[in-house]
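The chain contents come next:
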Amino acid sequence: MNLVLDVTNYIGIVAFSVSGAIKGIKKNMDLLGVLVLGFSTALGGGIIADLLLGKTPPTNLTYLPYPTVALLSSLFTFVFYKIFSHVQKPLLYADAIGLAAFAVSGSSLAYSVSENVLLVVTVGTITATGGGVIRDLLSNEVPMVLTRDFYATVAILGSLIYFSLRQLGYSDLVTTMVSFTITLVIRVMAIRNKWELPKIKV
Amino acid sequence: MNLVLDVTNYIGIVAFSVSGAIKGIKKNMDLLGVLVLGFSTALGGGIIADLLLGKTPPTNLTYLPYPTVALLSSLFTFVFYKIFSHVQKPLLYADAIGLAAFAVSGSSLAYSVSENVLLVVTVGTITATGGGVIRDLLSNEVPMVLTRDFYATVAILGSLIYFSLRQLGYSDLVTTMVSFTITLVIRVMAIRNKWELPKIKV
Amino acid sequence: MNLVLDVTNYIGIVAFSVSGAIKGIKKNMDLLGVLVLGFSTALGGGIIADLLLGKTPPTNLTYLPYPTVALLSSLFTFVFYKIFSHVQKPLLYADAIGLAAFAVSGSSLAYSVSENVLLVVTVGTITATGGGVIRDLLSNEVPMVLTRDFYATVAILGSLIYFSLRQLGYSDLVTTMVSFTITLVIRVMAIRNKWELPKIKV
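This structure is a prediction, so every number in the text was calculated from the model and none was measured. (Residues numbered from 1 in each chain as written. Chains lettered and ligands numbered in written order. Predicted model: local features only at pLDDT ≥ 70, side-chain atom pairs only at ≥ 80, totals over all residues. Heavy atoms only, no water.)

### Points about the relation of the copies chain A and chain B
Two copies of the chain are present, and they differ by a rotation about an axis and a shift along that axis. Superposition of chain A onto chain B requires a rotation of 120° combined with a translation of 0.0 Å along the rotation axis, giving an RMSD of 0.0 Å. Such a combination of rotation and displacement between the chain copies is what one expects of a three-fold axis. No C-alpha of chain A lies nearer the rotation axis than that of Asn-140 of chain A, which sits 3.8 Å from it. Of all interface residues in chain A, a mere 10% are interface residues in chain B too; the two copies therefore contact each other through different surfaces. (Least-squares fit on C-alpha atoms with pLDDT ≥ 70 in both. Contact = heavy atoms within 4.5 Å.)

Take a look at the structure:
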């Protein structure tokens, strides 16, 4: 893991924890529930990814810095909720950085197990979006990622870009930097232009 | 895997994907959500079964034909939704074929890991019904399989029949064909006679 | 596993199964649904714990006595529902015994894999509370453990006590007995004094 991906991963953990904690507070959860939601949103996707790849126990349950940051971010959100509920715009961009970083690091991990496009794309996408799905399921809601926005699609594209560049012979380091940047740009464009996927009128 | 089970597995994947995709469309999901629901309904049960048996990465995330069929079926359902919403009856029988095929192939896989009746029955049943449970959870509904119909019970019976025949000394091939056929017949009888399990009035 | 933990584990399985079965009945599930909910509530936490630790197939799907007790308890609850719905108080204390026993046995299992405080606490807590979360998710409700009561916090404290005593050099046997007892006492005090964690008013 290189420095840039390491830093962006921490930005993602903070942004994802805050989004989970805010959802927990809105759902009238107590302190424990808010911490669990922050933790699961930030680290749940990576845990599922590890299970799918047979990496047990999952890194997110053994490497202490990640959960520490997730729990502290959730606690801060609980204590300073009024502030956090007023910084939605910066959080949206921090979340975009996390989405790109998680998709790329998940893809990289899957690629090291098997150079299989399906595995790389599903694991990369689950790493980036699985935490949000857990957050919404624990909140008794249809996962947001399935109904609107151009979000999981960005993770799929990012994983595909990672896979393609590696197949073309680029190193993990170069591929990571390039696919992280492209993925982030796509997500920012999706936010700014309010991209949406088509739906069927029932 | 023999030819009959291979063909019936594909019929099941198509039927399960279509049921997932239709549910996603009804829940107002976008194209990505509809594809995820079709994919999860068709392949989620098998993925959980592989995780329980320690087979990682799961076959459904590495062997390309299954997901390709699942995603294409979901895409067709999205594009031609009006047609698919008018073929419920044939879909119900295609689903019955899938239920029997998945229960038997899940049981066969579990039996190859351990000749344990509990493991064979739970893994066979989860392979056949786990996808539908995921579909309903992602749709924010109580899993249909827990509340009505004679459906998961058919998978349990099919897995028990598979286990019993193997214990009696029959080969995987013979056992597969016989237990698939009996399971399918039970499910068709359940559909035709509208079998239901008892409930407690609260 | 020593005798006391073995006995308390069975008390927990009965209490958890009954709580799952009662929820299933209240949610208008049929016999199959009630059995699945009882089974999942009692054994689901341990199954997730085994998956996280890489122990496949999970013990709860291969060792027959546990599931047998869980299914029989659920069946009894289904048949004698009127009686079970009138013994909430004793069930609450049986549940407390299960909570303490599951947290300690989960912690012990995790500790045997890795002396990592995060892993021990998350696996201990998931072993004790994961089944209840599955029960509530299958019932289409926000998991109770996230919104009120002093329940998962007890499992966290119990796992922390187990970890600390082991680190201080005490044997698994002594640590198990001491941390089980303290955990149970904390839970009983929480019930009697109606302890709650803080919440944020939104």
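### Describing the UniProt feature "transmembrane region" (unreviewed entry) in chain A
Residue and element names in this part refer to chain A. Per the UniProt record, the feature "transmembrane region" (unreviewed entry) sits at residues 31-52, 64-84, 91-111, 117-138, 150-167 and 173-191. Between the first and last C-alpha atoms of residues 117-138 the distance is 30 Å; the span itself is 100% helix and 0% strand. Secondary structure content for residues 173-191 is 100% helix and 0% strand, while the C-alpha to C-alpha distance between its ends is 27 Å. (UniProt positions renumbered as here; feature names shortened; annotations may be inferred. Helix = DSSP H or I, 4+ residues; strand = E, 2+ residues; numbered from the N terminus.)

### A few points about the relation of the copies chain C and chain A
With an RMSD of 0.0 Å, the fit of chain C onto chain A corresponds to turning through 120° and sliding 0.0 Å along the axis. Both copies present different contact surfaces, since only 10% of the interface residues of chain C are interface residues in chain A too.

### A look at the interface of chain A and chain B
Counting residues at the interface gives 29 residues for chain A, matched by 28 residues for chain B. Of the roughly 2,300 Å² buried where chain A meets chain B, counting both sides, 72% is carbon and sulfur surface. Seen at the junction of chain A and chain B, the total is 6 residue pairs in polar contact (both at pLDDT 80 or more). Among the secondary structure elements, those contributing two or more residues to the side of chain A that touches chain B are helix 2 (31-53), helix 6 (117-138) and helix 7 (152-167) of chain A. With 6 residues, helix 6 of chain A is the largest single contributor of residues to the side of chain A that touches chain B. Partitioning the side of chain A that touches chain B into residue classes produces 19 nonpolar, 6 polar and 4 charged. (Buried area = accessible area lost by both parts, 1.4 Å probe. Polar contact = N/O pair within 3.5 Å; in protein donor to acceptor, adjacent residues only side chain to side chain. Nonpolar A, V, L, I, M, F, W, Y, C, P; charged D, E, K, R; others polar.)

### Quick notes on the packing of aromatic side chains
When we look at a pair of aromatic rings, we describe it by the centre distance and by the angle of the planes. All names here are of chain A. Within this structure, the stated rule accounts for 21 aromatic pairs over all chains. On the numbers, 5.7 Å between centres and 45° between planes, the contact of Phe-76 with Phe-80 is tilted. Here Phe-76 falls in the partly exposed class, since its relative accessible area comes to 46%. What links up through ring pairs into an aromatic cluster is the set Tyr-10, Tyr-63 and Tyr-66. (Phe/Tyr/Trp six-rings, centres within 6.5 Å; stacked < 30°, edge-to-face > 60°. Buried < 20%, exposed > 50% of the residue type's maximum accessible area, 1.4 Å probe, protein only.)

### As for the packing of helix 1 (residues 3-26) of chain A against helix 3 (residues 65-79) of chain A
Residue and element names in this part refer to chain A. One way to put it is that helix 1 packs onto helix 3 with a least axis distance of 8 Å and a crossing angle of 40°. One finds that helix 1 runs oblique with respect to helix 3. Once helix 1 is placed against helix 3, the crossing between them reads as right-handed. Packed against helix 1, whose contacting residues are Asp-6, Asn-9, Tyr-10, Ile-13, Val-14, Ser-17, Val-18, Ala-21, Ile-22 and Ile-25, the element helix 3 presents Pro-65, Tyr-66, Val-69, Ala-70, Ser-73, Ser-74, Thr-77 and Phe-78 at the interface. (Axes fitted to C-alpha atoms, helices over the stretch in contact; angles between N-to-C directions. Parallel < 35°, antiparallel > 145°, perpendicular 65-115°, else oblique. Left-handed = near helix turned anticlockwise from the far one by under 90°.)

### Here's the deal with helix 3 of chain A
The α-helix advances 3.6 residues per turn, and as a result positions three or four apart in sequence lie on the same side. The terminal C-alpha atoms of helix 3 of chain A lie 21 Å apart, and with 15 residues this matches the ideal 21 Å at 1.5 Å per residue to within 8%. The complete set of buried residues in helix 3 of chain A reads Tyr-66, Pro-67, Ala-70, Ser-73, Ser-74, Thr-77 and Phe-78 of chain A. All buried residues of helix 3 of chain A fall inside an arc of 140° around its axis, so they share one side. Where the residues of helix 3 of chain A are buried, they touch helix 1, helix 2 and helix 4 (81-84) of chain A together with helix 6 (117-138) of chain C. (Expected span 1.5 Å × (residues − 1). Arc of directions from axis to C-beta.)

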